[in-house]
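# Understanding the architecture of this molecule
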Amino acid sequence: MYGALFYDGALCDLSNNCSAYTSATDDFIIKVNTRLEYNLNETFYLFAGAGYRFLYDRGKGVGFYTRTGNWAYLPLGGYFKYQKFLFDLEYDLIVYGSFKSNLSEVSRTFTDLTHSQMGYGLLLTMGYQLNESWSIHGVYESWNLDETEPVESGGLSFVEPQNNSQSYGLKLG
């Protein structure tokens, strides 16, 4: 996925005085996974697998710096088919997560930081089987990350705050 996102947060100075701040960001997300399905009957499947998600984030305007995230996760869920309608619910259990903030882009007094970050993702897919080979799906994804432990740089402590992102899409396959 690639696109401009809306940042709604805060802009802080070196004394940690913060004020509300909104801006656009450019984000690039790669998510790949594999899963093994267990067929319970003709209409219901359970699945589990392994996955990886990468995020590149760069805000536009003052106070932003490059941020990259890497997460390994286990996709767990179920798939249900009713006549020509298809439903897929996936829970992504993060087993490893790291988030790098390139603070050196803001000031030479800071070093780049890497935080461990955990959380989970949810993926809901609802579709319609057009014919034997093709289907169309509406997709909703939510990625929810916990606040990190503080890490020091330039004599100050930094955390990656709790955050979530939501994506909507259309899939033809």
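Coordinates for the structure precede this section.
On a predicted model such as this, the values are computed, not experimentally measured, just so you know. (Residues numbered from 1 in each chain as written. Predicted model: local features only at pLDDT ≥ 70, side-chain atom pairs only at ≥ 80, totals over all residues. Heavy atoms only, no water.)

## Things to note about the overall build of the protein
Put simply, the rule is: Here a helix means four or more residues in a row that DSSP labels H or I, a strand means two or more in a row labelled E, and each is numbered from the N terminus. When a residue's accessible area, from a 1.4 Å probe over protein chains only, is under 20% of the maximum for its type it is buried; when over 50% it is exposed; and in between it is partly exposed. Only heavy atoms matter for contacts: two residues are in contact if any of them lie within 4.5 Å across the pair. Here the open area of atoms and residues is found with the Shrake-Rupley method and a 1.4 Å probe, where only the protein chains shown may cover a residue. Neither His nor the chain ends contribute to the count of charged residues, in which Lys and Arg are positive and Asp and Glu negative. Charge placement uses NZ in Lys and CZ in Arg. For Asp and Glu, CG and CD serve respectively.
Along its length, the protein carries zero helices and 11 strands. Each helix and strand of the protein, placed in order from N terminus to C terminus, yields the pattern β-β-β-β-β-β-β-β-β-β-β. Once the C-alpha set of the protein is aligned to its principal axes, its extents read approximately 60 × 30 × 20 Å. Looking at the 173 residues of the protein, the share that counts as buried comes to 32%. Considering only intrachain contacts with a sequence separation of at least 6, the fraction spanning at least 24 residues in the protein is 53%. As displayed, the protein offers around 10600 Å² of accessible surface, 58% of which is attributable to carbon and sulfur atoms. Here the protein contributes 11 positive and 19 negative side-chain charges, whose respective centroids are spaced 7 Å apart.

## Some remarks on the nonpolar core
Stated precisely, the cut-off is as follows: Note on terminology: a nonpolar core comprises buried Ala, Val, Leu, Ile, Met, Phe, Trp, Tyr and Cys residues joined through side-chain atoms within 4.5 Å.
Of all hydrophobic cores here, the largest spans eight residues; its members are Ile29, Leu55, Trp71, Tyr73, Ile94, Phe99, Trp143 and Leu145. Residues contacting Phe99, with those up to four places away along its chain left out, are Leu55, Arg67, Thr68, Gly69, Trp71, Leu113, Thr114, His115, Gln117 and Glu160.

## Description of the pairing of strand S7 (residues 119-129)
Operational definition: Note on pairing: DSSP must find at least two bridges between two strands before they are called paired.
A one-sided burial pattern is seen for S7, the buried positions being Gly119, Gly121, Leu123, Thr125, Gly127 and Gln129 and the unburied ones Tyr120, Leu122, Leu124, Met126 and Tyr128. Bridge count between strand S5 (residues 85-101) and S7: nine bridges; the pairing is antiparallel. Directly across from Asp92, in S7, lies its bridge partner Gly121. The pairing of S7 with strand S8 (residues 135-145) spans 11 bridges and is antiparallel. The residue bridging Tyr128 from the neighbouring strand is Ile136, located in S8.

## Looking at the packing of aromatic side chains
For the record, the criterion: A pair of aromatic rings is counted whenever rings of Phe, Tyr or Trp (Trp by its six-membered ring) have centres within 6.5 Å, and the orientation is called stacked for planes under 30 degrees apart, edge-to-face for over 60 and tilted otherwise. Either the NZ atom of lysine or the CZ atom of arginine qualifies as a charge over a ring when it sits within 6 Å of the ring centre and within 35 degrees of the ring normal.
Applying the stated criterion across every chain, the model contains 10 aromatic pairs. Here the aromatic rings of Tyr140 and Tyr168 are separated by 5.3 Å at their centres, their planes lie at 45°, and the arrangement is tilted. With Tyr140 in strand S8 and Tyr168 in strand S11 (residues 163-172), this residue pair connects regions lying 28 residues apart in the sequence. An aromatic cluster of three or more residues is present, and its members are Trp71, Tyr73, Phe99 and Trp143. For the cation-ring pair, Arg35 lies above Phe47, with the distance from its terminal atom to the ring centre recorded as 3.6 Å.

## Focus on the environment of Thr148
Note the following rule: Throughout this description, a polar contact denotes any pair of N or O atoms lying within 3.5 Å of each other; where both atoms belong to protein, one of them has to be capable of donating a hydrogen while the other can accept it, and for residues adjacent in sequence the pair is counted only when both atoms sit in side chains.
Relative to the helices and strands, Thr148 resides in the loop between S8 and strand S9 (151-153). A relative accessible area of 5% places Thr148 in the buried class. Considered as a pair, Thr148 and Ser116 are 32 residues apart in the sequence and their alpha carbons are 6.4 Å apart. Not counting residues up to four positions away in its chain, the partners in contact with Thr148 are His115, Ser116, Gln117, Val159 and Glu160. At a separation of 2.8 Å, a polar atom in the side chain of Thr148 contacts the main-chain amide nitrogen of Glu160.

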